Amino acid sequence: MNDVTRRGFLGGLAGVAGVAGLAACAGGSTAPASGGGGGQAGTAGQIEFWSNHPGTSKPVEQAIIKKFEAANTGLKVKLVDAGQNYEEVAQKFNAALAGGQLPDVVVASDVTWFNFALNKQITPIDDLLATAKVDTSDYVDALFNDYNFSDKHYALPYARSTPLFYYNKDLWKKAGLEDRGPKDWDEFKAWAPKIKAALGNGQVALEMADGSNYLDWYFQNMAWTFGGGYSKEWTPTFSDPNTIKAGQFLQGLAKDGTVKFNKSPEADFSAGLAACIMQSTGSLGGITKDAKFDVGTAFLPGDGNCPTGGAGVAIPMNISDERKANALKFIAFLTNAENTVTFTQATGYMPVRKSAVDLPAEKAFLEKNPNAKTAIDQLAKTRSQDNARVLLPGGGARIGKGLDQVAQGQDVATVFKGLDQQSQQVFDSQVKSKLPS
Amino acid sequence: MTPPYRKHVGSGARLSNVQSTQTQVPDRSDEVTGPPAGGPPPPVGEPPHRSSGRRWEWTLAGLLLAPNLVLLIVFTYRPLIDNFRLSFTDWNISSPTISWVGFSNYIEWFTRDDTKTVVLNTVIFTVATVGISMSLGLLLALLLDQRLKGRNLVRSAIFAPFVISGAAIGIAFQFVFDPSFGLVQDVLARLGIASPDFYQQSNWALFMVTVTYIWKNLGYSFVIYLAALQGRRADLDEAAEIDGASSWTRFRRVLMPQLRPTTFFLSITVLLSSVQVFDIIYAMTRGGPVGNGTTTLVFQVYQETFVNQRAGYGATVATVMFLVLLVVTVFQVRVMDKGSRK
Amino acid sequence: MSAPAIVGTIDEPPTAPPSRRERRADQNRSESSSHNRGPLMTTAGYVGMTVALLIVAVPLFWIIITSFKERGDIYVRPAQWWPNPATTENYHDVTTRIPFSNYFRNSLIITGVTSTVKIVLGVISAYALSLLRFPGRGIVFLVVIAALMVPNQITVISNYALVAQLGWRNTYQGIIIPLAGVAFGTFLMRNQFLSLPGEIIEAARLDGAGPLKLLWKVVLPMSWPTLVAFSLITVVNEWNEYLWPFLMSDDERVAPLPVGLTQLQNNDGVTNWGPVMAGTVLAMVPILVLFLVLQRQMIKGLTAGALKG
């Protein structure tokens, strides 16, 4: 009698496990066979916009959405809080890809968009743009072509930024320097002793972000001005002698104390602890507010060697055509000249349309904020980032680590050779097979 | 080892039943390690009942356990099994296709250079955290068990850091450790010492993250020990004191044995939660400096899955961690049980 | 049926249950007699308390004063130990710049329901695992603890798929139910129940108490301090839960405070940390109040009431 009962009990336990097993199979195990689960379902006439509100832009986004809804009766936009930064939006989107309703529009950053495109999870929008009669030539070339993959565009630029050279005008004057930025890194090196002579206790000439805070983004400028770079197309070029020279230059600056690395250089700069920094244009508003001195801005040293950054807006692949068409209407509106002016004035990003600078609202703004004008003028001198950083998975973190090692004194050639090998290995195993032949 | 102190019994009819005196009172913790061989031995002291009562007990147990077990199975174990499966694949997290690679992820993990760093970080962090936060927690609980004025306020203050989320603390502690503006820097500057750059040097960064975590989680051990102290047998302590035993003896022979179950519990839970630290590291250093200066196992899972897009490899790291923890915990449970059975 | 083996000696026969006044006197006597360890211990106690307070409180103090500082006073050298001028602007900012009351309400609902479910399930599971007998008890216990070894980074994607298919995205139940399984509490309470004096349990059983009565009238009252500790820790963990609610919620209709407060930060520019610290303080206060209230429940109580019956 006891045995039967015990068996029955254990059998019950096994039954529960069996149910769980069934649940595992049926209830959406990860990695669906094809296309993302219930992506078809969506509310008619509703556009779900997943945004991390870059630059604390939620109010501005809501205002733009109101204008869109007023101009397009029958279409509603639902603004979703998709995270506190670009990585979290990507995380949430990946979760949705594994099984769940897809949004209509999602914010994709410079390092996250490509993986989605490569795995066919976001839609090429050229045909949709043509159907909606959007004039794509009005988009700033570099910004629009950042999303070009095998002759198709996968996103529209939205919250775009570039690095900017900020300098402390008071300290500059004290050092006897002209009121402008250095025209290249050689000139900066020549200026460095003068700057250091003018510094007080605890102050440093140049501060740059460390490897965990996107030094890899800023360093592209140095690598390019020396004639090198992270990669040419898909071939890693870390071991290119020019790239190594750039690395050694950075190491030299670190060794003689000209440059200090920090997680948030803008805080030190605003407090007067650093004479100049290379930071995103997005920090301009905050720095202007916090600094108790005259803030100067300039192009990055080196002509035409400014990387772009920030995020664009993309449309998922596996939603209905009707949803895609509506989504495109929205993102075209979101990134039109008038709205890009509103957006960028509120946040500090760059206007993504060429015609934006001619709008009276923008003209007036730029007159009042000459530093903002510097950033916009620099747009003409931008170039797309290197594949090894933005298109290879984990590229930024990998390069950041290498640069941290260089900054701390490790042999540049060895570190960069390692980066070459790692980048090549990642390309071979994760990207190559998915590229269209 | 001499048996714990037990002589007179204080006023009030209490049977001395200090936990560690192994007696003929059925030690229910037996069942943790012993395999259920042929039905449990007839437990002592159970009221007489027929075998139908036994069956009813089983049904009741099943009913009581079912809701929790179902939830755990569906929302924790199902993903865990899925994770095992994923660890044998090469899956880009955005990809709709998935390919089988057998053990190559495991081989890769065991042979890569950065694995050593990550494991070392995790071990250092965990050992420091478990050792320090448990001892400090006990010390503070003992201190604040006494009738001192203002102890309610101090208890709340000690518990307060635990109340704040790890992410919020990670962010707030920039104002403690920032080499230019932080609290530490300010205090050191007044003493004429330059503050180390906690964020740029790997060793200091690991130190910073460890100290932050201990500070935050002290309240946990503290509160558990405090609760345990409330339930202890004051009369035994009294009796020992009457007998002239010193404070240290009373602590070692009367109090510590009573706290053994709590210590055992804490050693497991503090270990498990500190191995799985994530929020503080994500908020403070993102696993850096120099790439993986403060990367621990769970952070590596996040890094590989969501930053490097290699969900299969991330699953491998998670599986390895789970298995190691399982072995360690089972070992701990057995050691603790053996120790309590003399 | 063999008589229960009794250990030690009984010096006195059981007496009638003491009156309330007697009980309180007893409590005071036992507390004070074990704790009047003389001036040395008391001084050490005060010194220890002060040191502990300093170490714990100074960073807390730092967070609080930062929340009262103006933007320009936050990043200064030397650091400001007292906000000058002090301002409540940051608190105003927090409550107006984001829909703070919505996030707060959501936090209350999510934390309240999840904690209650977890506490109940934890207690009954622990009871079954400690005081009921059935085969496989040890294995089930290990299965429960093993859940503590699974980091939530690996469960979220899989659970997301399941919950989304159930149509529970952006709903309270979608957030609460996957979080409702309890391993920590089961472990803690099982431990606690196992450490209860066996003879009290036996005595109650001999008195004919059924399992539920045993739980409610005997076991729980004796485990009150640990139950309170368990509740507090559970409430804290649920209150600070971030990853799962973040993935599940779309906006302030359902998102709790940890998710909502991140909107105060600027991911591409310069964050004003004053409001962020103010948000942290505001999120902390309700739980601290709860702790202050509940910790009185953790005071040593006379637990032998059941024995003397």
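Residues numbered from 1 in each chain as written. Chains lettered and ligands numbered in written order. Predicted model: local features only at pLDDT ≥ 70, side-chain atom pairs only at ≥ 80, totals over all residues. Heavy atoms only, no water.

Engineer: When you look at helix α19 (residues 412–431) of chain A in this model, what are you seeing that I'm missing?
Structural biologist: Within an α-helix, residues lying three or four positions from one another point in the same direction, as the helix has 3.6 residues per turn. Residue and element names in this part refer to chain A. Its 20 residues place the ends of α19 27 Å apart at the C-alpha level, agreeing with the 28 Å of an ideal helix rising 1.5 Å per residue. The complete set of buried residues in α19 reads V412, V415, F416, G418, L419, D420, S423, V426, F427, Q430 and V431. Looking at the buried residues of α19, the elements they touch are α4 (113–118), α9 (215–225), β10 (235–236), α10 (241–255) and α18 (395–407). (Helix = DSSP H or I, 4+ residues; strand = E, 2+ residues; numbered from the N terminus. Expected span 1.5 Å × (residues − 1). Buried < 20%, exposed > 50% of the residue type's maximum accessible area, 1.4 Å probe, protein only. Contact = heavy atoms within 4.5 Å.)

Engineer: What is the right way to look at the environment of F134 of chain C in this model?
Structural biologist: Residues and elements named next belong to chain C. Positionally, F134 belongs in the loop between α4 (100–131) and α5 (137–146). Note on F134: relative accessible area 5%, which makes it buried. As a C-alpha pair, F134 and T95 span 39 residues in sequence and 53 Å in three-dimensional space.

Engineer: How do you make sense of the confidence of the model for chain B when you look at a structure like this?
Structural biologist: Caution is warranted with low-pLDDT regions, since their predicted coordinates should not be read in detail. Averaged over all residues, the pLDDT of chain B is 83; the fraction at 70 or higher stands at 83%. Low pLDDT, under 50, characterises residues 1–42 of chain B; the predicted model gives this stretch 94 contacts beyond four residues in sequence or across chains. (pLDDT = per-residue confidence, 0-100.)

Engineer: What is the right way to read unusual backbone geometry from this model?
Structural biologist: Among all residues except glycine, the phi angle is most often negative; among peptide bonds, the trans geometry is most common. Along the chain, G288 of chain B connects to P289 of chain B via a cis peptide bond; the corresponding omega equals 0°. Its location among the elements puts P289 of chain B in the loop between α12 (279–284) and α13 (297–307). Note that the residue after R77 of chain C, namely P78 of chain C, is joined by a cis bond; omega there is -5°. Relative to the helices and strands, P78 of chain C resides in the loop between α2 (39–67) and α3 (89–97). Phi angles above zero are rare outside glycine, and K120 of chain A is one such case at about 55°. Considering the arrangement of structural elements, one finds K120 of chain A in the loop between α4 and α5 (126–131). With relative accessibility at 55%, the residue K120 of chain A sits in the exposed group.

Engineer: Would you take a moment to explain helix α14 (residues 337–347) of chain A for this structure?
Structural biologist: Residue and element names in this part refer to chain A. Taken residue by residue, α14 has A337, N339, T340, V341, F343, T344 and T347 as its buried positions. Where α14 is buried, its residues touch α2 (58–71), β6 (156–161), α13 (321–334) and α15 (360–368). In the stretch just after α14, G348 is the one whose phi turns positive, near 100°.

Engineer: I keep staring at the interface of chain B and chain C and nothing clicks. Help me out?
Structural biologist: Frequently, the measure chosen for interface size is the accessible area removed from exposure when the parts meet. With 116 residues of chain B at the contact, the number on the chain C side is 124 residues. Between chain B and chain C the total buried area reaches about 11,300 Å² when both faces are included, carbon and sulfur atoms providing 70% of it. At the boundary of chain B and chain C, one finds 0 salt bridges. Put simply, chain B and chain C have 21 residue pairs in polar contact (both at pLDDT 80 or more) between them. Split by residue class, the side of chain B that touches chain C holds 71 nonpolar, 25 polar and 20 charged. (Buried area = accessible area lost by both parts, 1.4 Å probe. Salt bridge = Lys/Arg side-chain N within 4 Å of Asp/Glu carboxyl O. Polar contact = N/O pair within 3.5 Å; in protein donor to acceptor, adjacent residues only side chain to side chain. Nonpolar A, V, L, I, M, F, W, Y, C, P; charged D, E, K, R; others polar.)

Engineer: Help me out: how do you make sense of the sheet that holds strand β7 (residues 163–168) of chain A in this one?
Structural biologist: What holds strands together in a sheet is hydrogen bonding between their backbones, with the strands either parallel or antiparallel. Residue and element names in this part refer to chain A. Strands sit in the order β11-β8-β12-β7-β13 across an open sheet of 5 strands; the sheet is mixed. The open sheet has two free edges, formed respectively by β11 (259–262) and β13 (295–298), since each of these has just one partner strand. Within this sheet the neighbouring strands show an average axis-to-axis angle of 30°, counted without direction. As paired elements, strand β8 (residues 204–209) and β11 share 4 bridges and run parallel to each other. Of the residues in β11, the one forming a bridge with L206 is V259. The sheet contacts of α10 involve β8 and β11, and relative to β11 the element is tilted by about 95°. (Pairing = 2+ DSSP bridges. Axes fitted to C-alpha atoms, helices over the stretch in contact; angles between N-to-C directions.)

Engineer: What is the right way to read the pattern of salt bridges from this model?
Structural biologist: Between side chains of opposite charge, pairing is possible as soon as their charged atoms come close. Scanning the entire structure with this criterion turns up 33 salt bridges over all chains. Between D141 of chain A and K354 of chain A there is a salt bridge, and its shortest N-O distance comes to 3.3 Å. Of the two residues, D141 of chain A sits in helix α6 (residues 141–145) while K354 of chain A sits in the loop between α14 and α15, which places them 213 residues apart along the sequence. Residue classification places K354 of chain A among the partly exposed residues on the basis of a relative accessible area of 37%. Note that D82 of chain B is salt-bridged to R85 of chain B, the shortest N-O span being 2.8 Å. In this pair, D82 of chain B and R85 of chain B both sit in helix α2 (residues 51–86), 3 residues apart, roughly one turn of the helix. Exposure remark for D82 of chain B: the relative accessible area of 8% places this residue in the buried category. We classify R85 of chain B as partly exposed; its relative accessible area is 31%.

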